[in-house]
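Analysis of the macromolecular model
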Amino acid sequence: MKKWYGGVLTTSLLMFLVLGYCVMRKPVKESYVTSSVYFNMTNPLEWINAMAPPAAHQPEKITQVISAEIVVSDLFIKRNLSAQEQQSLSTWYQLKRLVTHDQVLPNAIEAVKEASVAWNNLMSAVEREKLDANDSSVKTGKQKQCPHFLSKTNATEIDASGFKLRFPCGLTQGSSITIIGIPNGLLGNFRIDLTGEPLPGEPDPPVILHYNVRLHGDKITEDPVIVQNTWTIAHDWGEEERCPLPSDEKSKKVDELEQCNEMVGNVMATRHVIATNKSSVAQDGSKSRKYFPFKQGYLSVATLRVGSEGIQMTVDGKHITSFAFRETLEPWLVSEVRISGDIKLISVVASGLPTSEDSEHISDLEALKAAPLPPRKRLDLFVGVFSTANNFKRRMAVRRTWMQYDAVRSGQVAVRFFVGLHKNQMVNEELWNEARTYMDIQLMPFVDYYSLIAWKTVAICVFGTEVVSAKFVMKTDDDAFVRVDEILSSMQRINVTRGLLYGLINSDSHPHRSPDSKWFISPEEWPEETYPPWAHGPGYAVSSDIAKTISSKQRKGRLKMFKLEDVAMGIWISEMKKKGLEVKYEKEERIFNEGCRDGYVIAHYQGPREMLCLWQKIEEKKRALCCGE
């Protein structure tokens, strides 16, 4: 018996060693792409969603840490680029340690992997352009820019594959898609899907918004219902959002609008009117029915509009539903609208699409280009601006407004946009041309997901201390109007050169523990009940010693990352304070987190038109007056 046990033990040990050897020899890149362990997932919409992507098997979460350095090594290969082109990559190679570090932010591996594909495609296009420029036999012409408006009239009947309309450069805040059609057929059920681009090797694209109209109900209800959801090959279907809301569900707000209009599904009384020779007389009897925005056989005008927090649907002028963006499923990812099911389409119109301006037809181009950085001279202020790739109009508005302050044009203050790569090739090519033209864009070696914005904060600190030497380093957004003159005056008034955090300070905030919140933070991410003091994201500045410490720590791999970038800055400063730094928290009440008030230093959520209006008032009135009502 002892010999038998010994034989089993020896055999098991040998098998364990062989298995361990095979695991060690398996390439990391391959283990990242595939996994042999799966569990079955069911598709709750499969019975009604013949046109939706199939349910995918979801891999179990793997605790093994995968090195991003192997996955994205192509990002940091030295390229044959001109000195002018290299200017947009001043922080690119300095972020290698950050983006390949094992302790990464949510979706970081995906973002750098996707960036590697996008970067290789962009560099191939740049090389082809250079070859064509050197070949006199090839007639080169500027490619068509991203269109501002797209329409398809007389869409006729939907075929088996449905109706599709592509958006070459994605969507942005303010973009809208209007669909005019008549629900028809046996059931009148139809679907509107906003889809993105699939990754290489993936059969189906992600669905940023699945809008499913079921006029005769479904397995849960016999009444008409609208179901909203998302789908990705990695996570399958998300959690359904239904309108009317289930009785036990509380309504949420998105962009200050209800998740589901309370009218939907409620009984509405209608009075029958009889026409007489003299007047119209209402009958005594009244008929009641439940309100639903779509009706079989009746024309509907439905508009999906992109807001700052989510997508809104209006039908015949009434707001019906709101759907908050979900993680990694943001509007700039949308590349196509797909409409399928029992609906007779009349027309589909998309407007407010992101488009770049043709620099060849800009009369004041030289005045919009970034001023050269003065050699061996310390800047008073460096301003880093968060922007996403297809926000062309917002960047142009910033260039035409507060980047025209004398301090910026003279080189006393430098401003740069920090922009991640896009999954769309045309957007990246437009962005590359924009960077070469205006020389004020810093490209980031990752795809621009919201969960990674803290990386941009680090990049701003790197630029403000390693690329240039600035007394103060500031972060803002491309929809914020910054009064550069007042920022400089405030720095002089405060007269603090070390340990300074200047902004709209929040000293008593708590982590959002609800998973439905855009700012959800789990106890694993932040176990404490409160945050240390931090400054709101529309605009804050730190002294150079703080920025330099952050830059140094990231280079050594010692910077603890946190996905809320403004809170992250507060956390980093708190750690410095614990180690002896004397910190000055300077609260600026004239920085407005939402909107504008007269006398502002920073006004947030300002579109391109508002930005131009604010600048005009400053030039004409010499005062910080708001626009609008």
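Each value, and the rule that gives it
Residues numbered from 1 in each chain as written. Predicted model: local features only at pLDDT ≥ 70, side-chain atom pairs only at ≥ 80, totals over all residues. Heavy atoms only, no water. UniProt positions renumbered as here; feature names shortened; annotations may be inferred. Pairing = 2+ DSSP bridges. Helix = DSSP H or I, 4+ residues; strand = E, 2+ residues; numbered from the N terminus. Axes fitted to C-alpha atoms, helices over the stretch in contact; angles between N-to-C directions. Contact = heavy atoms within 4.5 Å. Core = buried A, V, L, I, M, F, W, Y, C linked by side-chain atoms within 4.5 Å. Buried < 20%, exposed > 50% of the residue type's maximum accessible area, 1.4 Å probe, protein only. Disulfide = S-S within 2.5 Å. Salt bridge = Lys/Arg side-chain N within 4 Å of Asp/Glu carboxyl O. Phe/Tyr/Trp six-rings, centres within 6.5 Å; stacked < 30°, edge-to-face > 60°. Lys NZ or Arg CZ within 6 Å of the ring centre and 35° of its normal. pLDDT = per-residue confidence, 0-100. Polar contact = N/O pair within 3.5 Å; in protein donor to acceptor, adjacent residues only side chain to side chain. Expected span 1.5 Å × (residues − 1).

The name an unreviewed UniProt entry gives the chain is Beta-1,3-galactosyltransferase galt1, with Nicotiana attenuata as the organism. Regarding the chain, the UniProt comment filed under Cofactor (unreviewed entry) reads as follows: "Mn(2+)". The UniProt entry for the chain carries this comment under Subcellular location (unreviewed entry): "Golgi apparatus membrane".

A closer look at the sheet that holds strand E21 (residues 413-421)
The seven strands lie next to each other as E22-E21-E20-E23-E26-E25-E27, forming an open sheet whose pairing is mixed. The sheet is open, and its two borders are formed by strand E22 (441-447) and strand E27 (584-587), each paired with just one other strand. Strand-to-strand twist across the sheet, computed as the mean angle between neighbouring axes with direction ignored, equals 25°. In this sheet, strand E26 (residues 534-543) lies alongside strand E23 (residues 470-477) in antiparallel orientation, the contact comprising five bridges. By the bridge assignment, Lys475 is partnered in E26 with Tyr540. Across the face of the sheet, helix H13 (residues 544-555) comes into contact with E23, strand E25 (500-506) and E26 while running at roughly 100° to E26.

Details of the nonpolar core
Among the nonpolar cores identified, the biggest contains 158 residues, and Trp119, Phe167, Phe294, Trp402, Trp455 and Met569 are the most heavily contacted of them. By residue number, the principal contributor to this core is helix H11 (residues 453-467), which donates nine residues. Not counting the four nearest positions on each side in its chain, Phe167 is found in contact with Leu150, Ile177, Val334, Ser335, Glu336, Val337, Ala350, Leu353 and Asn424. In terms of nonpolar packing, the next biggest core, distinct from the first, is built from five residues, Ile362, Leu365, Leu368 and Tyr438 among them.

A closer look at the state of the cysteines
Two cysteines form a disulfide when their sulfur atoms are joined by a covalent bond. Considering all chains together, one arrives at four disulfides under this definition. Between the sulfur atoms of Cys596 and its disulfide partner Cys626 the distance amounts to 2.0 Å. Taking the sign of the S-S torsion, about -90° here, the bridge from Cys596 to Cys626 comes out left-handed. In this pair, Cys596 is assigned in the loop between strand E28 (591-592) and strand E29 (602-603) and Cys626 in the segment after helix H15 (608-621), connecting sequence segments 30 residues apart. Across the disulfide, Cys613 is cross-linked to Cys627 (sulfur-sulfur distance 2.0 Å). With the S-S bond torsion at -105°, the cross-link from Cys613 to Cys627 turns out left-handed. With Cys613 in helix H15 and Cys627 in the segment after H15, this pair connects stretches of sequence that are 14 residues apart. With a relative accessible area of 25%, Cys613 lands in the partly exposed category. The exposure class of Cys627 is partly exposed, given its relative accessible area of 23%. When the cysteines of the chain that form disulfides are numbered from the N-terminus onward, they connect as 1-2, 3-4, 5-7, 6-8.

Points about the sheet that holds E29
A sheet is described by the order of its strands in space; here three strands give the open sequence E24-E29-E28, paired in mixed fashion. Each edge of the open sheet is held by one strand with a lone partner, namely strand E24 (481-482) and E28. Direction of pairing for E24 relative to E29: antiparallel, over a ladder of two bridges. Among the inter-strand pairings, Phe481 is bridged to a residue of E29, identified as Ala603.

A few points about the pattern of salt bridges
Under the criterion given, the structure shown has 37 salt bridges. The salt bridge involving Glu434 is made with Arg399; its shortest N-O contact spans 2.7 Å. You can see Glu434 sitting in helix H10 (residues 425-438) and its partner Arg399 sitting in helix H8 (residues 392-400), a full 35 residues away along the chain. Judged by its relative accessible area of 1%, Arg399 is buried. Between Glu575 and Lys578 there is a salt bridge; the shortest N-O distance is 3.5 Å.

Considering the packing of aromatic side chains
In total, this model carries 15 aromatic pairs according to the counting rule given. Their ring planes at 80° and their centres at 5.1 Å tell us that Tyr405 and Trp615 sit as a pair that is edge-to-face. Of the two residues, Tyr405 sits in the loop between H8 and helix H9 (406-409) while Trp615 sits in helix H15, which places them 210 residues apart along the sequence. Trp615 matches Tyr405 in its accessibility class, with the two residues each being buried. Residues Phe418 and Phe463 carry aromatic rings whose centres are separated by 6.2 Å and whose planes lie at 85° to one another, so their mutual orientation is edge-to-face. In this pair, Phe418 sits in strand E21 while Phe463 sits in helix H11, placing the two residues 45 residues apart along the sequence. Neither Phe418 nor Phe463 differs from the other in exposure class; each is buried. Put simply, the rings of Trp92, Trp119 and Trp432 touch in pairs and so form one group of aromatic residues. The ring of Tyr93 is capped by Lys78, whose NZ or CZ atom sits 3.9 Å from the centre of that ring.

Things to note about the confidence of the model for the chain
Averaged over all residues, the pLDDT of the chain is 83; the fraction at 70 or higher stands at 81%. Ignoring residues within four places in sequence, the model shows residues 1-66, a span with pLDDT below 50, making 72 contacts including any to other chains. Across residues 278-282 the pLDDT falls below 50, and counting only partners more than four positions away or on other chains, this stretch makes eleven contacts in the model.

Concerning the environment of Arg394
Looking at the secondary structure, you find Arg394 in helix H8. Residues in contact with Arg394, not counting those within four places in the same chain, are Gln173, Asp478, Asp479 and Pro608.

Let's talk about the pairing of strand E5 (residues 176-183)
The two faces of a sheet get side chains in turn, since along a regular strand they alternate between them. Two elements, E5 and strand E15 (residues 300-306), share six bridges in a ladder whose sense is antiparallel. Residue pairing across strands places Ser176 opposite Arg305, the latter belonging to E15.

Observations regarding the side chain of Asp440
Here Asp440 shows up in the loop between H10 and E22. A polar contact of 2.7 Å, which involves the side chain of Asp440, links it to the side chain of Arg399. The residues touching Asp440, leaving out its near neighbours within four places in the chain, are Ala370, Arg399, Met403, Val415, Arg416, Phe417 and Ala435.

Considering H11
Its 15 residues place the ends of H11 20 Å apart at the C-alpha level, agreeing with the 21 Å of an ideal helix rising 1.5 Å per residue. With respect to burial, H11 is a largely interior element, 13 of its 15 residues being buried.

Concerning the pairing of strand E16 (residues 310-315)
Most of E16 is tucked away: five of the six residues are buried. Across five bridges, E15 lies against E16 in antiparallel orientation. Bridge pairing in E16 places Thr303 opposite Thr314. Between the antiparallel neighbours E15 and E16 lie three residues. For E16 and strand E17 (residues 318-324), the ladder comprises six bridges, and the chain directions are antiparallel. Among the inter-strand pairings, Met313 is bridged to a residue of E17, identified as Thr321. Between E16 and E17, which pair antiparallel and follow one another directly, the connecting turn spans two residues, one of which, Asp316, has a positive phi of 50°.

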